[in-house]
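Commentary on secondary and tertiary structure
Here are the chains, one letter per residue:
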Amino acid sequence: PLPLQNHNDSKVVLYEAENFQGHKFELSDDYPSLQAMGWGNKEVASIKVNAGAWVAYQYPGYRGYQYVLERDRQNGEFKKYSEYSSQAHTNQIQSIRRIQH
């Protein structure tokens, strides 16, 4: 069996522009509303997962489209929103939480 990831080890960085450019926001906890926690807009154009696995949601309160983002996928580097999922039609992400896997 695979060991479970410890939530304390989870880390992800959100970027306002593609290719990890622009304003960034480093997270190691669950955020039901990114805007309430200081992220200035509704869009996240690229994401770097440094540790753990995350689910990003289109709307606050963990609602809307969901994107599972793992360190094991694409080396944890999602350079543009279309890499979040084959179903990603928008770069709007407004909440994110850690998952154990």
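Please read these numbers as outputs of a predicted model, since none were measured by experiment.

Strand order in the open sheet formed by three strands is 5-4-7, and the pairing between neighbours is antiparallel. Lying at the two open borders of the sheet, with one neighbouring strand each, are strand 5 (63–70) and strand 7 (95–99). Strand-to-strand twist across the sheet, computed as the mean angle between neighbouring axes with direction ignored, equals 25 degrees. As defined by bridge partners, strand 4 (residues 53–59) adjoins strand 5 across six bridges and the pair is classed as antiparallel. Residue pairing in the sheet places Tyr 57 in a bridge with Gln 66 of strand 5.

Unusually for a residue other than glycine, Gln 74 sits at a positive phi of about 55 degrees. Mapped onto the fold, Gln 74 is located in the loop between strand 5 and strand 6 (77–78). Not every positive phi belongs to a glycine, and Asn 75 is a case in point at roughly 60 degrees. In this structure, Asn 75 sits in the loop between strand 5 and strand 6. With a relative accessible area of 52%, Asn 75 lands in the exposed category.

Turning our attention to the confidence of the model for the protein chain. The pLDDT averaged across the protein chain works out to 89; a share of 91% of its residues lies at or above 70. Looking at the elements of the protein chain, mean pLDDT is at its lowest for strand 5, recorded as 94, and at its highest for strand 6, recorded as 97. Note that residues 1–5 has pLDDT below 50 and, in this model, six contacts with residues that lie over four places away or in other chains.

Moving on, we get to the nonpolar core. Counting residues in each nonpolar core, the largest one holds 19 residues, and the members touching the most others are Leu 14, Leu 27, Leu 34, Ile 47, Tyr 84 and Ile 96. Elements with a minimum of two residues in this core: strand 1 (11–17), strand 2 (21–27), strand 3 (46–51), strand 4 and strand 5. Ignoring any residue separated from it by four or fewer positions in sequence, one finds Ile 96 in contact with Val 12, Leu 14, Leu 27, Asp 30, Tyr 31, Leu 34, Trp 54, Val 55, Ala 56 and Tyr 62.

So, about the pairing of strand 1. Bridge analysis of strand 1 against strand 3 gives five bridges, and the strand direction is antiparallel. Across the sheet, residue Leu 14 finds its bridge partner in strand 3, namely Ile 47. Judged from the five bridges that link them, strand 1 and strand 2 form a sheet pairing that is antiparallel. The residue bridging Leu 14 from the neighbouring strand is Phe 25, located in strand 2. Counting the residues in the hairpin turn of strand 1 and strand 2 gives three residues, including Asn 19, whose phi is positive at 60 degrees.

Rules of the game
- Here the residue index of a chain counts from 1 through its sequence in written order.
- This being a predicted model, a pLDDT of at least 70 is required before a residue's local features are given, and a value of 80 or more before pairs of side-chain atoms are given or counted; all residues contribute to the totals for chains, interfaces and linings.
- Computation of side-chain values covers all heavy atoms of the structure but excludes hydrogens and water.
- Whether two strands pair comes down to DSSP finding at least two bridges between them.
- Elements are defined by DSSP. Helices are runs of H or I of four residues or more, strands are runs of E of two residues or more, and each kind is numbered from the N terminus.
- Throughout, an axis means a line fitted to C-alpha atoms (over the contacting stretch in the case of helices), and angles, computed between N-to-C directions, take values from 0 to 180 degrees.
- Summary of the burial criterion: residues with accessible area below 20% of their type's maximum are buried, those above 50% are exposed, and those between are partly exposed, where the area comes from a 1.4 Å probe applied to protein chains only.
- Per-residue confidence from the prediction method is given by pLDDT, with values spanning 0 to 100.
- The contact criterion used throughout is that any non-hydrogen atoms of two residues lie within 4.5 Å.
- Among buried residues, those of type Ala, Val, Leu, Ile, Met, Phe, Trp, Tyr and Cys that are joined through side-chain atoms within 4.5 Å constitute a nonpolar core.

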